[in-house]
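These are the residues of each chain, in order.
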Amino acid sequence: MNTRWLLFLFCALSFCATAAESQKVTAMRAPEGGIQPQAAVDSRGVVHLIYFKGDAAGGDVFYVRRLPGEGDFSKPIRVNSQTGSVIAAGTIRGAQLALGKNNRVHVVWNGGKGATKAIVAGKEVTPLLYTRLNDSGVAFEPERNVITMVAGLDGGSAVAADRVGNVYVFWHGSAPDNEEKEAGRAVFVARSTDEGATFAPEQPVLKQRTGACACCGMKAMADAGGAVYLLYRAATGNTERGETLLV
């Protein structure tokens, strides 16, 4: 199937009049023929959507919103400030979206061919880029690399945010002294406590050595109580590829 015609599903914007009334589910096409859509609905019923356009090795991500009761999405806003800085190769890569405090939009992605390289241990590496919607909600801040120590990006990254201002950026990478291939990879998190204004250096999410499938994606979310969930594929012993959920 041509990925330009991929459909995404989300709940209708109208609220149920009674608990017994079922919500309508609507199938829609991403605007502008975009692919790899990621959607979230906020506490006010606003639908927030990002989607990819361009070369899979280095394209752009756009953001739109749809208010309750409206039939159309807003005018697209480009998320990345560096043209062609987003990679979308393979279904496990692409930009990820989270809603945080006051429904602020947070987006993260692996750098594409248009992205400025990051420097880790004196070497140029693929950056892991983060941005957020600005205070006025009309544009995105210039993207920033969050990797400081552990590079080796391959598969997808993930982002989660909660109601009190914590933002978590996850990725799996390889430490410079790793000699165990995928079994020596690990999942790391860079955490912000100020809505993404600043991030602490990355830390491993788990002391236990599970490995991480290099070319596999991951997903993260924070619930209403602030608990954070992370789903990724392990690579223990370079052979065991169990799907792993951390809470």
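All values reported here derive from a predicted model rather than from experimental measurement.

### Some thoughts on the overall build of the protein chain
When helices and strands are tallied, the protein chain shows 0 helices and 19 strands. Computed over C-alpha atoms, the radius of gyration of the protein chain comes to 18 Å, within 12% of the 18 Å expected from 2.2 N^0.38 for 247 residues, which places it in the range of a compact globule. Out of the 247 residues in the protein chain, the part that is buried amounts to 49%. Placing the 26 positive and 23 negative side-chain charges of the protein chain at their respective mean positions leaves the two points 3 Å apart.

### Some details on the state of the cysteines
Across all of its chains, the model carries 1 disulfide by this definition. Cys215 carries a free sulfur, and the closest cysteine sulfur to it, the one in Cys213, is 4.1 Å from it.

### Quick look at the environment of Ala235
Relative to the helices and strands, Ala235 is located in the loop between strand S18 (228-233) and strand S19 (243-246). Expressed as a C-alpha distance, the spacing of Ala235 and Asp55, which sit 180 residues apart in the sequence, is 30 Å.

### Overview of the pattern of salt bridges
Counted by the stated rule, this structure contains 8 salt bridges. The closest approach of N and O atoms between Glu182 and Arg241, which form a salt bridge, is 2.5 Å. Taken together, the residues Glu182 in the loop between strand S14 (167-173) and strand S15 (186-192) and Arg241 in the loop between S18 and S19 connect sequence positions 59 residues apart. Using a relative accessible area of 18% as the deciding quantity, one classes Glu182 as buried. Because the salt bridges share partners, they merge into one network encompassing Arg104, Asp135 and Glu195.

### Thoughts on the pairing of S19
The alternating pattern of S19 places Thr244 and Leu246 on a buried face and Glu243 and Leu245 on a face that is not buried. One ladder, built from 4 bridges, connects S18 with S19; its direction is antiparallel. Paired with Leu230 across the two strands is Leu246, which belongs to S19.

Here is what the cut-offs are and how they apply
- Residues numbered from 1 in each chain as written.
- Predicted model: local features only at pLDDT ≥ 70, side-chain atom pairs only at ≥ 80, totals over all residues.
- Heavy atoms only, no water.
- Helix = DSSP H or I, 4+ residues; strand = E, 2+ residues; numbered from the N terminus.
- Rg over C-alpha atoms; globule rule 2.2 N^0.38 Å.
- Buried < 20%, exposed > 50% of the residue type's maximum accessible area, 1.4 Å probe, protein only.
- Lys, Arg positive; Asp, Glu negative; His and termini not counted.
- Charge placed at Lys NZ, Arg CZ, Asp CG, Glu CD.
- Disulfide = S-S within 2.5 Å.
- Salt bridge = Lys/Arg side-chain N within 4 Å of Asp/Glu carboxyl O.
- Pairing = 2+ DSSP bridges.

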